[in-house]
Structure formats: structure tokens, C-alpha cells
Amino acid sequence: MRRYIRLFVLLALCSVASGYVYQCEPGTEPTVCSIWNLQYDSKALVKHPDKLPSVQYPSTVRTVRLLFEKYYYNRQQQLTRYDTTLHTTVLHNPPNLQICDTRLRQLVMPPSLQVGYLTDNMISTIEIEPDKTYAVRYLDLSHNSLRNIANLSVLVQLQTLNLEANGITTLNTSVFTRMVNLTYLYLGDNSFSTIDLRPLPKGLSVLWLLRNDLRELSLTGVSMGALRELDLEANSLHTLDLAAMFAAFPALQVLPIAYNSFPKEEAERIIADLKRHNVTYSVGMERMYQEGCDSDEYSVDSLCFTETLLGARSFWKGIFLLVMAVLVVCMFGFSVRWIWYQMRY
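Cut-offs used in this document
Residues numbered from 1 in each chain as written. Predicted model: local features only at pLDDT ≥ 70, side-chain atom pairs only at ≥ 80, totals over all residues. Heavy atoms only, no water. Helix = DSSP H or I, 4+ residues; strand = E, 2+ residues; numbered from the N terminus. Buried < 20%, exposed > 50% of the residue type's maximum accessible area, 1.4 Å probe, protein only. Pairing = 2+ DSSP bridges. Disulfide = S-S within 2.5 Å. Salt bridge = Lys/Arg side-chain N within 4 Å of Asp/Glu carboxyl O. Axes fitted to C-alpha atoms, helices over the stretch in contact; angles between N-to-C directions. Phe/Tyr/Trp six-rings, centres within 6.5 Å; stacked < 30°, edge-to-face > 60°. Expected span 1.5 Å × (residues − 1). Arc of directions from axis to C-beta. Contact = heavy atoms within 4.5 Å. Polar contact = N/O pair within 3.5 Å; in protein donor to acceptor, adjacent residues only side chain to side chain.

Student: Any chance you could break down unusual backbone geometry for me, citing the residues and the numbers?
Tutor: Notably, Asn37 is not glycine yet its phi reads approximately 55°, a positive angle. Relative to the helices and strands, Asn37 resides in the loop between strand 2 (32-36) and helix 2 (42-47). Owing to a relative accessible area of 15%, Asn37 belongs among the buried residues under this scheme.

So, in C-alpha cells, the structure goes:
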């Protein structure tokens, strides 16, 4: 009996001392392995390396998905740093990785990773060694907290890169110069007001710049013969040089332009010219019914644009309001003086 008790205690101690073994969620094999709430703390493992977790999955698995409870429900089971030990030792070098909607803040880019889907996290730091070769072809870093993306220039195998909604205020496009394989680049939902298109890869086919603060789009010296889609929706543009645009992008097929600050006459001119060149200026399925524009917007060909003082109608409206304001101030001043005069005499 004592022998069995000793054996039981020994097994219990071993289970406490060793890291937890995680299994794939049933039904996700043989090519995808989903794992819930993997607990990995790189700082704690320095003191307790025996607590390193392990994952078991068949050799046919190509994609590992790390899933966690919503961080606002459970903050204790959130992954904050993805490093080389986790990728190589724990997860056995998966070529495809998905980690979404977690508290992940730091990413050490694995050289062997080919597809990274890392959206809706809190990533502010990406560690990339300039002397290493990286295999990643597809990288989605949208809805994170990246500000400085300079070290991404090493990822020369990229074909698709998504940097939407990172709060980027200053964009140095020379970071993309070496990405000669880059075809799809998504830069929407940031906060930059200017962009230099000249350093962008010549093979770029899709470029999204929607929902930024672009005031102008310089096309001098720009030549991108493969670009077929350029999304400019919801910026602060007042005009577009379409002749220069068609020269710079001879393959252009899609150019969304709604919610910019064109004067109405300019919006009508741009749309008419795009129609003549068979360029689509809106995206998505045609609505069953048309929603009206907001009170500070106007509509041209079912697209909404922001009112601007550069337009003739808005200009004279602004002049009228200014004159009325001056008259009100003058009348108020006259009334005050008249009352003062009556009270004095």
C-alpha cells in the first residue's frame, strides 16, 4: 500500500513540476489545430523552465490557432508576448499562425513563419533581426498599436501586408521598397496626411488608403503599371488630377472616392471622367435602397461627399453667414450703447 502511495505522490509531483500538455480542439485536425487558453509567460519561465507547456498535434497540421477568452473577462489567461521559444519549442514551427483579439503586445517574428494572422491585438513592438531571412508571405497586423514600422523592411517575401487601424501618423513608404513581391497593401484607418507613392513596389496591384487624412495626392514621378485598385474613400481631398492618375496607373479599374471634400462641381467632373474611362468609383453590392447623406454632405450619383468652403455654393453660404454675424454684432453693440445713453440721460 505504501508503495502505491509513494507512486501516486511521485506522479502528482511530476505533474505539478512539468508544463501542461495541450491538445487540439476536437474537429480541427488534420490541417488546423485550435488550442484554447494556452498559458505562456516568458518571464516566469526564466525562473521555472520546467513549467514550459507543450502541444501535441499530428504532422499534417499546417495552421495553429491560439484562442483565448475575451481579455475583459479573464486577464490571467492572456498571451502578451509571442517569442521564438513559444513558436519553435512549444508549437513546433507551424507555417501558419492565427492569434486574434487578445492582449498580445510583443511579437518576435519567427523566420519560418509563412502566414501570420494577428489582427485585433495590442501589438506595439515587432522584433525582427536585419541579418536574418524571413519566409512570411502574408501578414495581417490590422487593428493593433504599431507606430514605427521601419523594421518591417526586412520582410522582403511579403505578398500581402495589412497595417490598417494602427494609428500611424507619419508614413515613410521607403519601408516597402525592398518588398518587390508585394501585391496587396492595406493602409486604411490610420492618421497620416501625406504619402509618397514613388517608393512603393511597382508590382503593387491593390492599395487601400481609405479613412486617413490625405489633403492632396502627388503623382509626380509615380509609375505603377500593375495597380488596378486604389481606395481613397473618406479622406480630405479637394481635387484629383485624373490625367496624371491614368498616366501613373494605366491599369486602374477601381477608384473609390466617396466622403472626400471635393466641391460639388469637382465631384461631378471626376465622376464623369471616371465613367468615360470605365473606372468603378464605388465598391460593394448595390444597395436595395439609397440611404440619404448627412446634413453636412451632398450627393452625386448616389455617393456622399463632405461640404467644403471651396465649393461655390458653400462659399457663398459661408460669406452670407459671416455677413449676418457681423450685422448681429453691430446691432448688439448699437443696442448696448443706446440703452447706456438712455440710462445716463
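Additional details are given in the paragraphs that follow.
Student: Give me the environment of Gln157: which residues, what numbers.
Tutor: Position of Gln157 among the secondary structure elements: in the loop between strand 10 (138-140) and strand 11 (160-162). The spatial distance from the C-alpha of Gln157 to the C-alpha of Met179 is 6.6 Å, given a sequence separation of 22 residues.

Student: Give me the sheet that holds strand 9 (residues 125-127): which residues, what numbers.
Tutor: The parallel open sheet is built from three strands, whose spatial order is 5-7-9. Sheet topology places strand 5 (81-82) and strand 9 at the edges, where each strand pairs with a single neighbour. Of the pairings in the sheet, the one linking strand 7 (residues 106-108) to strand 9 comprises three bridges and is parallel in character. Across the sheet, residue Leu107 finds its bridge partner in strand 9, namely Ile126.

Student: Can you explain the state of the cysteines? Please cite residues and give values.
Tutor: The final tally for this structure, using the stated rule, is two disulfides. The cystine pairing of the chain, numbering bonded cysteines in sequence order, is 1-2, 3-4.

Student: Which residues make up the pattern of salt bridges, and what values go with them?
Tutor: Enumeration over the complete set of coordinates arrives at nine salt bridges. Residue Arg269 is joined to Glu266 by a salt bridge in which the shortest nitrogen-to-oxygen separation is 2.6 Å. Of this pair, Arg269 and Glu266 both sit in helix 5 (residues 264-276), three residues apart, which is roughly one turn of that helix. A residue is classified by how much of its surface remains accessible, and Arg269, at 35% relative accessible area, is partly exposed. For Glu266, a relative accessible area of 14% puts it in the buried group. Each of Arg81, Asp83 and Glu127 takes part in one network of salt bridges that share partners.

Student: Any details on the sheet that holds strand 13 (residues 206-208)? Residues and values, ideally.
Tutor: Spatially, the nine strands line up as an open sheet ordered 2-4-6-8-10-11-12-13-14, and their pairing is parallel. Strands with a single pairing partner mark the edges of an open sheet, and in this sheet they are strand 2 and strand 14 (229-231). Ignoring strand direction, the axes of neighbouring strands in this sheet form an average angle of 10°.

Student: Now, about the pairing of strand 15 (residues 297-300): what can you tell me, with residues and values included?
Tutor: It is a general feature of regular strands that their side chains alternate between the two faces of the sheet. Sheet topology places strand 15 next to strand 16 (residues 303-306); four bridges connect them, and they run antiparallel. Bridge pairing in strand 16 places Ser299 opposite Cys304. Here strand 15 folds back onto strand 16 in antiparallel fashion, the turn holding two residues, of which Asp301 has a positive phi close to 50°.

Student: Got a sec to walk through the packing of aromatic side chains? Specific residues and values, please.
Tutor: Per the counting criterion, the structure on display carries five aromatic pairs. Relative to Tyr22, the ring of Tyr20 lies with its centre 4.7 Å away and its plane at 70°, an arrangement referred to as edge-to-face. Note on Tyr20: relative accessible area 57%, which makes it exposed. Here Phe262 and Phe305 contribute two aromatic rings whose centre-to-centre distance is 5.8 Å and whose plane-to-plane angle is 50°, an arrangement assigned as tilted. In this pair, Phe262 is assigned in the loop between helix 4 (242-248) and helix 5 and Phe305 in strand 16, connecting sequence segments 43 residues apart.

Student: Please set out helix 5 residue by residue, giving values where relevant.
Tutor: The end-to-end C-alpha distance of helix 5, which contains 13 residues, comes to 19 Å, matching closely the 18 Å that a straight helix rising 1.5 Å per residue would cover. Looking only at helix 5, the buried set comprises Glu266, Ala267, Ile270, Ile271, Asp273 and Leu274. For helix 5, the arc enclosing every buried residue in end-on projection is 165°, short of the 170-degree limit, so these residues lie on one face. Tucked into the core, helix 5 has its buried residues touching helix 4, strand 15 and strand 16. Asn278, located one to two residues past helix 5, shows a positive phi value of around 55°.

Student: Can you lay out the side chain of Ser34 for me, pointing to particular residues and giving the numbers?
Tutor: For Ser34, the location among the structural elements is in strand 2. Classification of Ser34 as buried rests on a relative accessible area of 0%. Looking at Ser34, its side chain comes within polar contact range of the side chain of Arg65, at 2.7 Å. Aside from chain neighbours lying at most four places away, what touches Ser34 is Gln23, Cys24, Glu25, Thr28, Arg65 and Leu67.

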